[in-house]
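Now for the letters of each chain:
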Amino acid sequence: MYKPKPTDGDTSWFVHDRFGMFIHWGLYAQPARHEWVQSKEEIHPDEYRKYFERFNPVDYDPKKWAAMARDAGMKYVVLTTKHHEGFCNWDSAYTDYKITNTPYGKDVLTPYVEAFRDAGLRVGFYYSLIDWHHPDFPIDILHPLRNHPDALEMNKSRDITKYAAYMRNQITELLTQFGEISVLWCDFSYPGREYRGMPGKGHEEWESEKLYKLVRKLAPNIILDDRLDLPKEMADIKTPEQWQPTEWVKVDGEPVVWEACQTFSGSWGYYRDEMTWKSPGQLIRMLINTVARGGNLLMNVGPTPKGTLDQRAQDALAVYGEWMDQCHESIYGATQSDYKEPLDCRMTQKGNKVYVHVFAWPFKHLYLEGLGDKVAYARFLHDGSEIPLKLNDWVSQHLQAGENTLILELPIIKPDVVVPVIELELKACSTS
Ligand code: GLC
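Residues numbered from 1 in each chain as written. Predicted model: local features only at pLDDT ≥ 70, side-chain atom pairs only at ≥ 80, totals over all residues. Heavy atoms only, no water.

Peer 1: With reference to specific residues and values, describe the pairing of strand E4 (residues 183–187).
Peer 2: As a general feature of sheets, a regular strand has side chains that alternate between the two faces. Most of E4 sits inside the fold, with five of its five residues counted as buried. Neither face of E4 is exposed, since Val 183, Trp 185 and Asp 187 on one face and Leu 184 and Cys 186 on the opposite face are all buried. When strand E3 (residues 122–128) meets E4, the two strands line up parallel, connected through five bridges. By the bridge assignment, Phe 125 is partnered in E4 with Leu 184. As paired elements, E4 and strand E5 (residues 223–224) share two bridges and run parallel to each other. For Leu 184, the partnering residue across the bridge sits in E5 and is Leu 224. (Buried < 20%, exposed > 50% of the residue type's maximum accessible area, 1.4 Å probe, protein only. Helix = DSSP H or I, 4+ residues; strand = E, 2+ residues; numbered from the N terminus. Pairing = 2+ DSSP bridges.)

Peer 1: Pulling in residues and values, what's your account of the pattern of salt bridges?
Peer 2: All chains considered together, the criterion is met by 25 salt bridges. The partner of Glu 207 in a salt bridge is Arg 168, and the shortest N-O contact between them spans 2.9 Å. Within this pair, whereas Glu 207 is found in the loop between helix H8 (203–206) and helix H9 (208–218), its partner Arg 168 is found in helix H7 (residues 160–176), the two being separated by 39 residues in sequence. Close ionic contact of Glu 369 with Lys 340 constitutes a salt bridge, the shortest N to O distance being 3.2 Å. Of this pair, Glu 369 sits in strand E13 (residues 365–369) while Lys 340 sits in the loop between strand E10 (335–336) and strand E11 (345–350), and the two are 29 residues apart along the sequence. Salt bridges sharing common partners tie together Arg 168, Glu 207 and Lys 210. (Salt bridge = Lys/Arg side-chain N within 4 Å of Asp/Glu carboxyl O.)

Peer 1: Break down the nonpolar core for me, with residues and values.
Peer 2: Within the largest apolar cluster, 104 residues are counted, with the highest numbers of intra-cluster contacts made by Ile 23, Tyr 112, Phe 116, Phe 125, Tyr 320 and Trp 323. Considering every element that reaches this core, the biggest residue donor is helix H11 (residues 311–327), with eight residues. Residue contacts for Tyr 112: discarding those within four places in its chain leaves Ile 23, Tyr 60, Pro 62, Val 77, Val 78, Leu 79, Val 123, Gly 124 and Phe 125. Core analysis: the next-biggest nonpolar cluster, separate from the first, contains 20 residues, Tyr 339, Trp 361, Leu 408 and Leu 424 among them. (Core = buried A, V, L, I, M, F, W, Y, C linked by side-chain atoms within 4.5 Å. Contact = heavy atoms within 4.5 Å.)

Here it is as structure tokens:
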């Protein structure tokens, strides 16, 4: 089986656990029309303050979030400690623009960390490199003030080196005050994207090399993402976003550890009126497809301004929960299979077990090329029932199967599972 390139951070648990929860939560939950609302609508920081002055998630109970994540089969979590708007979800000593200064008045990060750890999940932090609030962050193509007539003039007094130091101070807080943090997800770089004489930002502006050293010093095992604009080999994970890889993600031709991040609907932050919620079939197939290509899935929820998950998000999580209850064996500890996938299927593999996920239910026969002489036993994962390996000879002579092809005879009616999974137990000599 494919082995991804080794990483500096500890990805051994990560490639086993496969499925995590992303949480985007900040002031933008209140306008409820995309976490980029401040940039999209070019809202001046003074005006955006109305959300800061009103943030009061009275129903915030991270134990509930953690229970929902655990029940969905998720094994780790990554929460936005600060998103591009610059608002901080913890009591940082380096800014006033933080949760403890809102009407809510309390830190939300410590209870988050505790609740998810207690529920048995590993805890990660997302940290935005972009910051539309910090006075030393130079205005650029993404900034809400990019079209301000005095933008260039205003930039003269903005000192990015001070902002880079601010980030190091905050990352130090995040990695020293909350116990062991398993993932640091920094987001994102856009060097070369010049606008009206204002340059984009990358590793030089962020001082990413210094930041990298600091992170490795404070948390040698932490998993670091690939959005700091550092040389490729310094990132632990590749992070395809809002698209589904069709093959194992590679860097310079070599398979790497990767994690797709996806949303239930079209936005990361709470977006009340957005309606493109994915169907149960899409949700489950995305998870399966990801693992069948050697990756992890980080599935996002955007809590409401009151601190709850809305019904649509809860329903989507429940879809995962129900399927994972029955079929998790094909996900945890599994990866891309060595064998050829049958039509309309995705396969994962773990030791001597190959898992065939049937995306479109065929009429009666499933052809598994190259497995004719290798399988000792086959069963459904959802109910454990056997699928006999031998076909009636009279039937098999009529089927046009190639050499060494295993033909399974399936029930005519698709079992009542979003995506049924067939477990093939390989004969001892067949395990690679
Ligand atoms: C993008 C967006 C951001 C989101 C992130 C998650 O970079 O800027 O809003 O947090 O993707 O991957």
